[in-house]
Structures are given as structure tokens and as C-alpha cells.
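Given next are the chains, with one letter for each unit.
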Amino acid sequence: MNKSIGLRICIVLITLFLIGCGGSDVEKATQFNFKQGTPELNIQLFDNAPPDTIYPQSSFKFIVELDNQAAYDVTDGKVSIIGLDTTYFTVSPNEQVFDPLLGRSLTNPSGERTFVDIFDGKSNDLFQGSEQYSTNFILKAEYTSTMEFVDTVCINPNLYDVYDAGCAVEETMSYSGQGSPLMVNHVEEIITPGDFPEVEFRLFLSNGGQGDIKDITFMNAELGGKRLECQFQGSEDKRKIIGTEIEREAVLICKKSILENLDSYMTTLSADFTFTYEWTKQHSLTLVK
């Protein structure tokens, strides 16, 4: 009887321990922030597709692996094979679109991966007397994605009130990424005190990825849930900036004309963007006799 009771107690204790461990893992998963750093869509050729060595008058495939490690979905994507000398190699088709890929999230922590495998290659003959021919080609991918910036900031319309024991304004705030190659690397906050105080935020955006940002479109920005008026500095289009205008970084200037509360307080600053991204990598093919 005592042995039976002891066995039951052991089973209960082991069960509680396992539940506790499982609960900890679940809790960690729900607390993980995917919107950090500068991960992106990883693109690579599948092993042996194409092979390192190709023989004349043979067929082969280009298989491209796409793995979305960003925290946002990828849409309007296409992959292309460019730069091959058609005297020796032909590829059909040389461009292929791919379906949207989900980004990493609580419900999809690994991101979404797919393969584009309908690039059919064919080799031609070497020139008479030639033993081999090597050439380079470019694997290129283009797609559209999004990025969301969110942070809590201090608003203090009355900077000279020494009796205000609330929050302190940070003139410059730095960041290490929001889960995409497009990132807000720092924000400047400028308060204009007075009878009609104003606040201005300057969001400095840059490319933290391996490819090129072709354009950035500003979608929406809010301060404390209320819309902010924003525009890109130095751009002809207030809401969009293209690659030639981006250079090292793009600056979005947001303003709120009248602050309703004269005491300092913490509130949320948010901004949403879409962008077009281009990624390229050079590879080689060798044709041998």
C-alpha cells in the first residue's frame, strides 16, 4: 500500500515537472521578438543544380532555394538567371515568378521556404580544339516586402519646467533593426516649446541587408495612435524615395503641430513602410569535353 502511494506521488511529481518545462518553452516562444535585427530572404542554388561540370549536348536544371528569415512577408517575387553566353548555354525560362512567402512570426517561427526548379538548362558544343569553357552568370532575385517601426518615446512640451518629474526626452535613439533588411537605425526627436509646442521626429532609414533597396514607400505614422504628417527629405515624391535618392540613408521627417498635454508623458511612435529589394550573386559554369 505504501509502495503504491509512493509510486503515485512520483508520477505526479514527474508530470508536474514536465508540464512546468513545457510551459517555460511556450512562454519563451510567446515572448520572442521576431522584429529585430536585419534578416532577409535567403537565396541560393540547390546543391548540384546546376552541377559544377557540364558536358556538351547535355541537359541540366537550375534549382533555387528561397528561405524567408525576415519578420515580414515577401510578395511580387521573381528570380532570374542572367549573363550566360548563349553560344554555349541556353536557359528556359530565364526568369520565373514565385508565390508570396510568409515571414517569421509566433505562428510561423521558422519562416517559409520554397524551391524554384523550372529553369531548364542545355549545353551546346565546345569550339573545335577546345578542352573546356568557363563562364560566370548572375542569380538575381527581386521582391517587395514591408517593415514596421515601433518604439516608446517621451514627449515633454515644457522642456524648461524643472518641477516636471516625469520622463526625459532622448534627443537621439539608436536601433539595430526591425526584422528586415530595411531598418530604422536611429531617430532624432526635436521639441519646440512655447504657447503652441511642436514635436518633430527624424527617422533615419538604411539598408542592413546584402542586396540593394530600389525604393521605399512611406505608408503611415502615428504618435499615441494619432496620425503624423511625414515626408522624405530631399525627395520629389513626399511619400516615396528611389534608389538614386537613398544613397547611404533616407530621412523621413514627421511633425505634430500642437501637443495637447503640457506635462511630460510616454507614448508610442510607429511608422510603416514598403520597399522593393534586389539581390544578386555571381556563380560559374564549366563546360568540359
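Within each chain, residues carry numbers counting from 1 in the order of the written sequence. Under the rules for a predicted model, residues below a pLDDT of 70 receive no local features and side-chain atom pairs below 80 are neither given nor counted, while totals for whole chains, interfaces and linings still include all residues. As a rule here, side-chain values come from all non-hydrogen atoms in the structure, and water together with hydrogens is ignored.

1. Focus on the overall build of the protein chain
Looking only at helices and strands, the protein chain has 2 helices and 17 strands in total. Within the protein chain, the fraction of its 289 residues that count as buried is 39%. The contacts in the protein chain between residues at least 6 apart in sequence include a share of 75% that link residues at least 24 apart. Using the Shrake-Rupley algorithm and a 1.4 Å probe, accessible areas are obtained, with residue cover drawn only from the displayed protein chains. Only carbon and sulfur atoms are counted for the fraction: they give 50% of the accessible area of the protein chain, which is about 16500 Å². A run of H or I in DSSP counts as a helix once it spans at least four residues, and a run of E counts as a strand once it spans at least two, with each numbered from the N terminus. Buried residues are those whose accessible area, probed at 1.4 Å on protein chains only, stays under 20% of the maximum for their type, while exposed residues exceed 50% and partly exposed ones sit between those limits. Contacts are assigned to residue pairs with any non-hydrogen atoms lying within 4.5 Å of each other.

2. Some remarks on the sheet that holds strand S1 (residues 41–45)
In this scheme, strands are said to pair when DSSP sees at least two bridges between them. Reading across from one edge, S1-S3-S7-S5 is the order of the 4 strands in this open sheet, with antiparallel pairing throughout. Lying at the two open borders of the sheet, with one neighbouring strand each, are S1 and strand S5 (89–92). Within the sheet, the average angular offset between the axes of one strand and its neighbour, ignoring direction, is 25 degrees. Examined bridge by bridge, strand S3 (residues 59–68) and strand S7 (residues 113–123) share 8 bridges and lie antiparallel to one another. Residue pairing across strands places Lys-61 opposite Asp-120, the latter belonging to S7. Inter-axis angles, ranging from 0 to 180 degrees, are taken between N-to-C directions of lines fitted to C-alpha atoms, where helices are fitted over the stretch in contact.

3. A short note on the packing of aromatic side chains
Side-chain rings of Phe, Tyr and Trp, where Trp is taken by its six-membered ring, are said to pair if the distance between their centres is within 6.5 Å; with planes under 30 degrees apart they count as stacked, over 60 as edge-to-face, and otherwise as tilted. On inspection of all chains with the given rule, the structure shows 11 aromatic pairs. Aromatic pair Tyr-143 and Tyr-277: ring centres 5.5 Å apart, planes at 50 degrees, arrangement tilted. With Tyr-143 in strand S8 (residues 132–155) and Tyr-277 in strand S17 (residues 265–288), this residue pair connects regions lying 134 residues apart in the sequence. Looking at Tyr-143, the relative accessible area reads 2%, which means it is buried. An aromatic cluster of three or more residues is present, and its members are Phe-60, Phe-62, Phe-89 and Phe-137.

4. Notes on the state of the cysteines
Throughout, disulfides are identified as pairs of cysteine sulfur atoms within 2.5 Å of each other. One pass over the full model with this rule turns up 2 disulfides. Between the sulfur atoms of Cys-154 and its disulfide mate Cys-167 the distance is 2.1 Å. Negative torsions about the S-S bond denote left-handed disulfides, and the value of about 75 degrees found for Cys-154 with Cys-167 makes this one right-handed. Of this pair, Cys-154 sits in strand S8 while Cys-167 sits in the loop between S8 and strand S9 (172–174); the two residues are 13 residues apart in sequence, bridging distant segments of the chain. Residue Cys-154 shares its accessibility class with Cys-167, and that shared class is buried. The partner cysteine of Cys-230 in its disulfide is Cys-254, sulfur to sulfur 2.1 Å. The S-S bond linking Cys-230 to Cys-254 shows a torsion near 115 degrees; that makes this disulfide right-handed. In this pair, Cys-230 sits in strand S14 (residues 229–232) while Cys-254 sits in strand S16 (residues 250–256), placing the two residues 24 residues apart along the sequence. Assigned by exposure class, Cys-230 and Cys-254 land together as buried.

5. Comments concerning the pattern of salt bridges
The salt bridge criterion pairs a side-chain nitrogen of Lys or Arg with a carboxyl oxygen of Asp or Glu, the two atoms within 4 Å. Per the counting criterion, the structure on display carries 8 salt bridges. The partner of Arg-113 in a salt bridge is Glu-65, and the shortest N-O contact between them spans 3.0 Å. Of this pair, Arg-113 sits in strand S7 while Glu-65 sits in strand S3, and the two are 48 residues apart along the sequence. According to the relative accessible area criterion, Arg-113 is exposed, its value standing at 53%.

6. Comments concerning the sheet that holds S14
Spatially, the 5 strands line up as an open sheet ordered S9-S10-S11-S16-S14, and their pairing is antiparallel. A strand with exactly one partner marks an edge of an open sheet, and here the two such strands are S9 and S14. The mean angle between the axes of side-by-side strands here comes to 20 degrees, regardless of whether they run parallel or antiparallel. Of the pairings in the sheet, the one linking strand S10 (residues 182–192) to strand S11 (residues 198–207) comprises 10 bridges and is antiparallel in character. Paired with Ile-190 across the strands is Glu-200, a residue of S11.

7. Topic: the environment of Gln-178
Within the secondary structure, Gln-178 is located in the loop between S9 and S10. In this structure Gln-178 touches Lys-35, Gln-36, Gly-37, Tyr-72, Met-147, Glu-148, Phe-149, Met-183 and Val-184, once residues within four positions along its chain are discounted.

8. Some details on the pairing of S11
Judged by how many residues are buried, S11 sits mostly within the fold: 7 of 10 residues are covered. Linking two consecutive strands that pair antiparallel, namely S10 and S11, is a turn of 5 residues; a positive phi of about 135 degrees is found at Gly-194 within it.

9. Regarding the nonpolar core
Nonpolar core, defined: a set of buried Ala, Val, Leu, Ile, Met, Phe, Trp, Tyr and Cys residues in which side-chain atoms within 4.5 Å join the residues together. Formed by 61 residues in total, the largest nonpolar core has its most connected members in Phe-201, Leu-203, Ile-216 and Phe-273. Per element, the largest residue contribution to this core is 9 residues, and it comes from S8. The residues contacting Ile-216, other than those within four sequence positions of it, are Leu-182, Phe-232, Arg-239, Lys-240, Ile-241, Ile-246, Ala-250, Phe-273, Thr-274 and Phe-275.

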